[in-house]
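Here is how the chains run, residue by residue.
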There are 2 protein chains.
Amino acid sequence: MKVAVLGVGLTKFGELWETSFTELFVEAGTKAIENANIDGKDIDAIFVGNMSGGRFIDQEHISSLIADYAGLTPIPSTRVEAACASGGLAIRHAIMGIESGFYDIVVVGGVEKMTDVLTERTTQILATAAEQEWEANLGMTFPGLYAMMARRHMHEYGTTREQLALVSVKNHRNAVNNPYAQFRFEITVEDVLNSTVVAEPLRLLDCSPITDGAACLVLASEKKAKEFVDNPVYIIGSGQASSTISLHGRENIAIMDATINAAKEAYKRAGIEAKQIEVAEVHDCFTIAEILAIEGLGFVKIGKGGKATEEGLTEIGGKIPVNTSGGLKAKGHPVGATGVAQAVEITLQLRGEAEKRQVNADIGLTHNVGGSGGTAVVHIFSK
Amino acid sequence: MKVAVLGVGLTKFGELWETSFTELFVEAGTKAIENANIDGKDIDAIFVGNMSGGRFIDQEHISSLIADYAGLTPIPSTRVEAACASGGLAIRHAIMGIESGFYDIVVVGGVEKMTDVLTERTTQILATAAEQEWEANLGMTFPGLYAMMARRHMHEYGTTREQLALVSVKNHRNAVNNPYAQFRFEITVEDVLNSTVVAEPLRLLDCSPITDGAACLVLASEKKAKEFVDNPVYIIGSGQASSTISLHGRENIAIMDATINAAKEAYKRAGIEAKQIEVAEVHDCFTIAEILAIEGLGFVKIGKGGKATEEGLTEIGGKIPVNTSGGLKAKGHPVGATGVAQAVEITLQLRGEAEKRQVNADIGLTHNVGGSGGTAVVHIFSK
């Protein structure tokens, strides 16, 4: 498979109280269309990743809302949802739309408006990504779920509290150079260790924030892309896997099997191996999640993620820079938009347009997770 | 395009207080898998149409939940949503999954559990399919929106109150012979005209009910299907279109332009014309909606739908039997499931398995609408 990324667009990520859900999507989409140098009339379909318009803004049917406000009716517009993996999933189904021959050029975006409700309600809404009957209804929240994974990882593999903190320190450092990031300031290991406890062992600075934002790509078939640009970045692999929605169903909560399975499919479709990846955006909703990700993706052996982080493997300048954008932790995590924003960053890196956070890479990867690992989506990009 | 329907499965439609959301999907899915005579291990992916798990049962990420409870992890599982068109949309994206070469065999289902919340909250949840800012927040509900369309249609084309009632009378008559239908009793024009006013001119018996239920199909590539069955029913056309989410944005609310545009694409892909359709399941969420549907699909000229209904065109025994299942009105309308349930009925009709409601047909059509027509999805089936 081979689908071209013709254009990318991002809104600023943050608490955007003066910008509506629809305005966010249209802003990112317009930027992507301009970046692709195409016209609105070239677009055959829209795909939207969104976790919970229904609860964050009381609005379902956002596919129609977006097509309407973008002035793109009557083209097909589809929302896909798998909690925080909604963005990555939208990309995968946009690819299928193109590879099936239904469409030549599509806009695929992700969007979430999370700050229109009170914070305690946001926590409840995010918990709808976990199983209600066996997790959320009993009071479990996402920091709690990832805290259990962190504890188990520390127990099984000797991962340290400081290694977890180093994920956050790195991602904050990277975000300083990302003009779209929510938090553009550095933090230290001590800052993380001294921040408020959220769910032991995770503290405030281990957790990604609540964010408004949108991200869009323009994708095109290989043939169609050549009409617009000589050497686009291509998506050459896609993988998606499911797992049990709740942690108690998993054999081992110190690994994320959906990541392993999604990566396997993506590598196979791309015809490459993990060791060929040169830059990656992974789903660091909590610090432990980045460690689980780099292990599940095969960048390091299972259990070695903490140590590898400590040794600088994933820093800019390391062997596989991870979350050069600042990641979910520091760039921000508008849940439905995240998977698409990851693809924007990898495209910029492969184009050589990542400015002060530029790394040297020909092949990149995105990794997007829903819930505590009930869904994972992986994409592989190549120059 | 040509994708085979290998199996179909339905739950009973109704107020199923003793059956959970997950149990509904798994029951319909198991029936479809048994009907297809395949094993769980043959399935490459799951697609789920669902309007608002997030609000009806406080659960997003239902793709993972369903894969988990169906015992089908780690295969990819995806939810798509476009309000009441979610089921039809799931079928379309399952087709893309197959036509793109990503999958050989998929389960595509729709499910909604609507009776776990109070009725007034159900009305609010359904109103999230309309634009919040300009419709729902001002007190507009779906009966109100369709009542405006009905009034305009009566004004423009002389459609009568009795013609609207005849849609309901026909669909109730058909449902008597559908063991899965919610309402298996006949009603008269007088019953409709004397029922409680909901939103003038629409009365209670003009409106589809609140329903729990699920429906599933097993779809396969043409090549793969031949390993399992000699002469499956095929889906030979698919169309999807968007329109403005709110009525005030439309040029004419007495026509449904998304239906017209989706039908155009579906007929083109199938290489057929409207006059070749011999049986159809259309989106009669309100009686006026069936009239708008048969006009938009090209079965009759715009404005002639009421008259054609009166003359018996759409009855069993008429030229194009419509809603032989009982339609949304009498079979029931579990919103996310409806589009898939329509496909189950057309498959049964083309297989000759529709028992006492059997008609003589080689080519059939399904038509599924989201909101007041912000989304429409059309599929064409052939023996």
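Residues numbered from 1 in each chain as written. Chains lettered and ligands numbered in written order. Predicted model: local features only at pLDDT ≥ 70, side-chain atom pairs only at ≥ 80, totals over all residues. Heavy atoms only, no water.

Draft legend 1. Structural context of the packing of aromatic side chains. Applying the stated criterion across every chain, the model contains ten aromatic pairs over all chains. Ring geometry for F102 of chain A against Y103 of chain A: centres 6.2 Å apart, planes inclined by 65°, an arrangement best described as edge-to-face. The interplanar angle of 40° and the centroid separation of 6.4 Å between the aromatic rings of F142 of chain B and Y146 of chain B together place this pair among those described as tilted. Residue F142 of chain B and its partner Y146 of chain B are both found in helix 6 (residues 142–157); the two are separated by four residues, about one turn of the helix. An aromatic cluster is present here, built from F47, F102 and Y103 of chain A joined pairwise through their rings. One residue, R269 of chain A, lies across the ring of F102 of chain B, its end atom 4.0 Å from the ring centre. (Phe/Tyr/Trp six-rings, centres within 6.5 Å; stacked < 30°, edge-to-face > 60°. Helix = DSSP H or I, 4+ residues; strand = E, 2+ residues; numbered from the N terminus. Lys NZ or Arg CZ within 6 Å of the ring centre and 35° of its normal.)

Draft legend 2. Broad picture of the interface of chain A and chain B. Each partner contributes to the interface: chain A provides 60 residues, whereas chain B provides 60 residues. Carbon and sulfur atoms make up 49% of the area that chain A and chain B hide from each other, which totals about 4,500 Å². By the criterion of area lost to chain B, the three top residues of chain A are E60, H61 and F102 of chain A, representing 17% of everything that side buries. Connecting chain A to chain B are four salt bridges. Here chain A and chain B share 46 residue pairs in polar contact (both at pLDDT 80 or more) between them. Contributions of two or more residues to the side of chain A that touches chain B are made by helix 2 (53–56), helix 3 (62–69), strand 3 (77–81), helix 4 (86–99), strand 8 (233–242) and helix 10 (257–270) of chain A. Considered class by class, the residues forming the side of chain A that touches chain B number 24 nonpolar, 25 polar and eleven charged. In this structure, strand 3 of chain A lies alongside strand 3 (residues 77–81) of chain B, joined through three bridges in antiparallel fashion. Its bridge partner lying in strand 3 of chain B, E81 of chain A is registered against R79 of chain B. (Contact = heavy atoms within 4.5 Å. Buried area = accessible area lost by both parts, 1.4 Å probe. Salt bridge = Lys/Arg side-chain N within 4 Å of Asp/Glu carboxyl O. Polar contact = N/O pair within 3.5 Å; in protein donor to acceptor, adjacent residues only side chain to side chain. Nonpolar A, V, L, I, M, F, W, Y, C, P; charged D, E, K, R; others polar. Pairing = 2+ DSSP bridges.)

Draft legend 3. Structural view of helix 1 (residues 21–36) of chain B. Residue and element names in this part refer to chain B. Its 16 residues give helix 1 an end-to-end C-alpha distance of 23 Å, which sits within 8% of 22 Å, the value for a rise of 1.5 Å per residue. For helix 1, the full list of buried residues reads F21, T22, L24, F25, A28, G29, A32, I33 and A36. What you see down the axis of helix 1 is that its buried residues fit within an arc of 160°, all on one side. Along its buried surface, helix 1 packs onto strand 1 (3–10), strand 2 (45–49), helix 3 (62–69), strand 4 (105–112) and strand 7 (213–221). Looking one or two residues beyond helix 1, the residue adopting positive phi is N37, at roughly 60°. (Expected span 1.5 Å × (residues − 1). Buried < 20%, exposed > 50% of the residue type's maximum accessible area, 1.4 Å probe, protein only. Arc of directions from axis to C-beta.)

Draft legend 4. Representation of the relation of the copies chain A and chain B within the structure. Between chain A and chain B, which share one sequence, the superposing operator has a rotation angle of 180° and an axial displacement of 0.0 Å; the RMSD is 0.0 Å. Viewed as a symmetry operation, the transformation between the two copies matches a two-fold axis. When C-alpha distances to the rotation axis are compared across chain A, the minimum falls at S100 of chain A, with a value of 1.8 Å. Most of the interface of chain A is mirrored in chain B, where 100% of its interface residues are also at the interface. (Least-squares fit on C-alpha atoms with pLDDT ≥ 70 in both.)

Draft legend 5. Layout of helix 6 (residues 142–157) of chain A. All names here are of chain A. Compared with the 22 Å implied by 1.5 Å per residue over 16 residues, the 22 Å span of helix 6 between its first and last C-alpha is a close match. For helix 6, the complete set of buried residues consists of F142, P143, G144, L145, Y146, A147, M149, A150 and H153. Elements that come into contact with the buried residues of helix 6 comprise helix 5 (119–126), helix 7 (161–175), strand 5 (197–199), strand 6 (202–203), helix 11 (287–296) and strand 10 (363–370). Immediately downstream of helix 6, the backbone of G158 shows phi near 75°, a positive value.

Draft legend 6. Broad picture of the pattern of salt bridges. Scanning the entire structure with this criterion turns up 46 salt bridges over all chains. E81 of chain A serves as the salt-bridge partner of R79 of chain B, at 2.9 Å between the closest nitrogen and oxygen. With one member in each of two chains, R79 of chain B in strand 3 and E81 of chain A in strand 3 form a pair that bridges those chains. Accessibility classification places R79 of chain B together with E81 of chain A in one group, the buried group. Put simply, K275 of chain B and E273 of chain B hold a salt bridge, and the shortest N to O gap is 3.7 Å. According to the relative accessible area criterion, K275 of chain B is exposed, its value standing at 63%. Residue E273 of chain B is classed as partly exposed on the basis of its relative accessible area of 46%. Residues joined by salt bridges that share partners form a network here, namely K2, E222 and K226 of chain A.

Draft legend 7. Local environment of the environment of V198 of chain A. Residue and element names in this part refer to chain A. Within the secondary structure, V198 sits in strand 5. The spatial distance from the C-alpha of V198 to the C-alpha of V107 is 38 Å, given a sequence separation of 91 residues. If we skip the residues at most four places from it in the chain, V198 touches P143, R203, L204 and C207.

Draft legend 8. Inspection of the environment of R357 of chain A at higher detail. All names here are of chain A. As for its placement among the helices and strands, R357 is situated in the loop between helix 14 (338–351) and strand 10. Separated by 181 residues in the primary sequence, R357 and V176 have C-alpha atoms spaced 9.0 Å apart. Setting aside residues up to four positions removed in sequence, R357 forms contacts with N174, N177, N178, P179, I316, T324, S325, E345, L348 and Q349.

Draft legend 9. Representation of the pairing of strand 7 (residues 213–221) of chain A in the model. All names here are of chain A. Burial analysis of strand 7 places nine of its nine residues in the buried class, which makes it a mostly covered element. Along strand 7, one buried face is formed by G213, A215, L217, L219 and S221 and the opposite face, lined by A214, C216, V218 and A220, is buried too. As paired strands, strand 1 (residues 3–10) and strand 7 are joined by seven bridges and run antiparallel to one another. From the neighbouring strand, G9 faces strand 7, where its bridge partner is C216. Pairing between strand 4 (residues 105–112) and strand 7: eight bridges, direction antiparallel. Counterpart to V106 in the pairing with strand 7 is L219.

Draft legend 10. Examining the domain arrangement of chain A more closely. All names here are of chain A. Domain assignment breaks chain A into domain 1 (3–118 + 211–233) and domain 2 (131–207 + 234–382). Distance from the C-alpha centre of domain 1 to the C-alpha centre of domain 2: 23 Å. The partner domain 2 presents 36 residues to the 49 residues of domain 1 that form the contact. Counting each side, the surface lost to burial between domain 1 and domain 2 is near 3,200 Å², with a carbon and sulfur contribution of 66%. Here domain 1 is connected to domain 2 by one salt bridge. (Domains from an automatic or database assignment.)

Draft legend 11. Structural context of a nonpolar patch on the surface. Where nonpolar side chains cluster on the molecular surface, the patch consists of Y69 of chain A together with W134 and L138 of chain B and spans about 360 Å² of accessible area. Mapped onto the secondary structure, Y69 of chain A falls in helix 3. Among the residues examined, Y69 of chain A registers a relative accessible area of 36% and is labelled partly exposed. (Patch = residues over 30% accessible without salt bridge, like charges linked within 9 Å, V, L, I, M, F, W, Y side chains within 5 Å. Areas by Shrake-Rupley, 256 points an atom, 1.4 Å probe, with all protein chains shown as cover.)

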